[in-house]
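An overview of the molecular structure
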Amino acid sequence: MTGKERREQLLDIGRTLFAERGYEGTSVEEIAHKAGVSKPVVYEHFGGKEGLYAVVVDREMRRLLDMVTGALTAGHPRELLEQAAFALVDYIERYTDGFRILVRDSPVTQSTGTFASLISDIATQVEDILGHEFKQRGFDPKLAPMYAQALVGMVALTGQWWLDAQRPDKAEVVAHLVNLSWNGLSGLEPRPRLIGHRKN
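As the structure is a computational prediction, the values presented were derived from the model and not from experiment.

**Comments concerning the overall build of the chain**
When helices and strands are counted, the chain shows nine helices and zero strands. The order of helices and strands in the chain, counted from the N terminus, is α-α-α-α-α-α-α-α-α. Along the first, second and third principal axes, the C-alpha atoms of the chain reach 65 × 35 × 30 Å. With 200 residues in all, the chain has 42% of them scored as buried. Of the contacts formed within the chain by residues at least 6 apart in sequence, a portion of 65% connects residues at least 24 apart.

Dropping the structure here:
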């Protein structure tokens, strides 16, 4: 096996184990054993478990961001919302192991590669679209990042639930997500106000 092939083998094994057991539940010993190599081989390629995990997470984040970015092709905002929701749910369905890794807690020393940072990266893709729409409708475009976080978070958390529930089917889940977000967005007040007694 070439060095490149060995590296890919270790990444595949690590990905499977991290998805099944999480970062803490996976050991370098087990990765090495499943690959039929000694522990030093894992260290040679990745510097240890944390290095292997970082590469796995980076690949999954790139794959998901590429899917979302590549899906945003329509001109109509509602269809863009559908495309973004479908891209995320497609990723969850096709790359279940990758999604399970992304939604688990990552090592404390890692500042990127967490589910929250992933949501933030995807929301950044959406916020430009929302900012343009807000400006056209007379809303404050500076609020677009907050709405982008809310929309992407709603889709991601629903996708996480759907992964376990496996029903209704994917298209129906997307239709309901878009229904809630689109019809909610279409009725937005330019300056929302609170009706209760608490004001801060």
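**Overview of the UniProt feature "domain: HTH tetR-type" (unreviewed entry) in the chain**
Those residues carrying the UniProt feature "domain: HTH tetR-type" (unreviewed entry) are residues 4–64 in this numbering. The span residues 4–64 shows a helical share of 82% and a strand share of 0%, and its end C-alpha atoms are spaced 24 Å apart.

**A word on the UniProt feature "DNA-binding region" (unreviewed entry) in the chain**
Under the feature "DNA-binding region" (unreviewed entry), the UniProt entry names residues 27–46. Between the first and last C-alpha atoms of residues 27–46 the distance is 13 Å; the span itself is 80% helix and 0% strand.

**Regarding the packing of aromatic side chains**
Using the criterion set out here, one finds seven aromatic pairs in the structure. Aromatic pair Tyr91 and Phe99: ring centres 6.5 Å apart, planes at 75°, arrangement edge-to-face. Judged by relative accessible area, Tyr91 falls into the buried class, the value being 0%. Residue classification places Phe99 among the buried positions, given a relative accessible area of 1%. An angle of 50° between the planes, with centres 5.6 Å apart, marks the rings of Phe134 and Phe139 as tilted. Note on accessibility: Phe134 and Phe139 belong to one class, buried. Members of the aromatic cluster, connected to one another through ring pairs, are Phe18, Tyr23 and Tyr53. Over the face of the ring belonging to Tyr23 we find Lys49, whose NZ or CZ atom lies 4.3 Å from the ring centre.

**Section: unusual backbone geometry**
Residue Pro168 is reached from Arg167 by a cis peptide bond, and omega for that bond is -5°. Within the secondary structure, Pro168 is located in the loop between helix H8 (144–165) and helix H9 (170–186). One non-glycine residue, Gln166, lies in the positive phi region at around 60°. Structurally, Gln166 is set in the loop between H8 and H9.

**Thoughts on the nonpolar core**
Ranked by internal contacts, the top residues of the largest apolar core, which has 57 residues, are Ile31, Leu64 and Leu130. If you tally residues by element for this core, the top one is helix H4 (residues 49–71), at ten residues. Every residue in contact with Leu130, bar those within four places of it in the chain, is listed here: Ala144, Tyr147, Ala148 and Leu151.

**Brief notes about the confidence of the model for the chain**
The pLDDT averaged across the chain works out to 86; a share of 94% of its residues lies at or above 70. Mean pLDDT across the elements of the chain ranges from a minimum in helix H7 (residues 115–136), with 79, to a maximum in helix H2 (residues 28–35), with 97.

**Describing the side chain of Ser181**
Assignment of secondary structure puts Ser181 in helix H9. By relative accessible area, which is 6% here, Ser181 ends up buried. Of note is the side chain of Ser181, whose polar atom sits 2.9 Å from the backbone oxygen of Leu177. With residues near it in sequence (within four places) discarded, Ser181 still touches Leu81, Leu151 and Met154.

**What about the pattern of salt bridges?**
Counting across every chain of the model gives eleven salt bridges. Where Arg21 meets Glu30, a salt bridge forms, and the shortest distance between an N and an O atom there is 2.1 Å. Residues Lys170 and Glu93 are paired through a salt bridge, measuring 2.7 Å at the closest nitrogen-oxygen approach. Here the residue Lys170 occupies a position in helix H9, and Glu93 occupies one in helix H5 (residues 77–94), the gap between them amounting to 77 residues. Three or more residues joined by partner-sharing salt bridges are found here, namely Asp90, Glu93, Arg94 and Lys170.

Each value, and the rule that gives it
- Residues numbered from 1 in each chain as written.
- Predicted model: local features only at pLDDT ≥ 70, side-chain atom pairs only at ≥ 80, totals over all residues.
- Heavy atoms only, no water.
- Helix = DSSP H or I, 4+ residues; strand = E, 2+ residues; numbered from the N terminus.
- Buried < 20%, exposed > 50% of the residue type's maximum accessible area, 1.4 Å probe, protein only.
- Contact = heavy atoms within 4.5 Å.
- UniProt positions renumbered as here; feature names shortened; annotations may be inferred.
- Phe/Tyr/Trp six-rings, centres within 6.5 Å; stacked < 30°, edge-to-face > 60°.
- Lys NZ or Arg CZ within 6 Å of the ring centre and 35° of its normal.
- Core = buried A, V, L, I, M, F, W, Y, C linked by side-chain atoms within 4.5 Å.
- pLDDT = per-residue confidence, 0-100.
- Polar contact = N/O pair within 3.5 Å; in protein donor to acceptor, adjacent residues only side chain to side chain.
- Salt bridge = Lys/Arg side-chain N within 4 Å of Asp/Glu carboxyl O.

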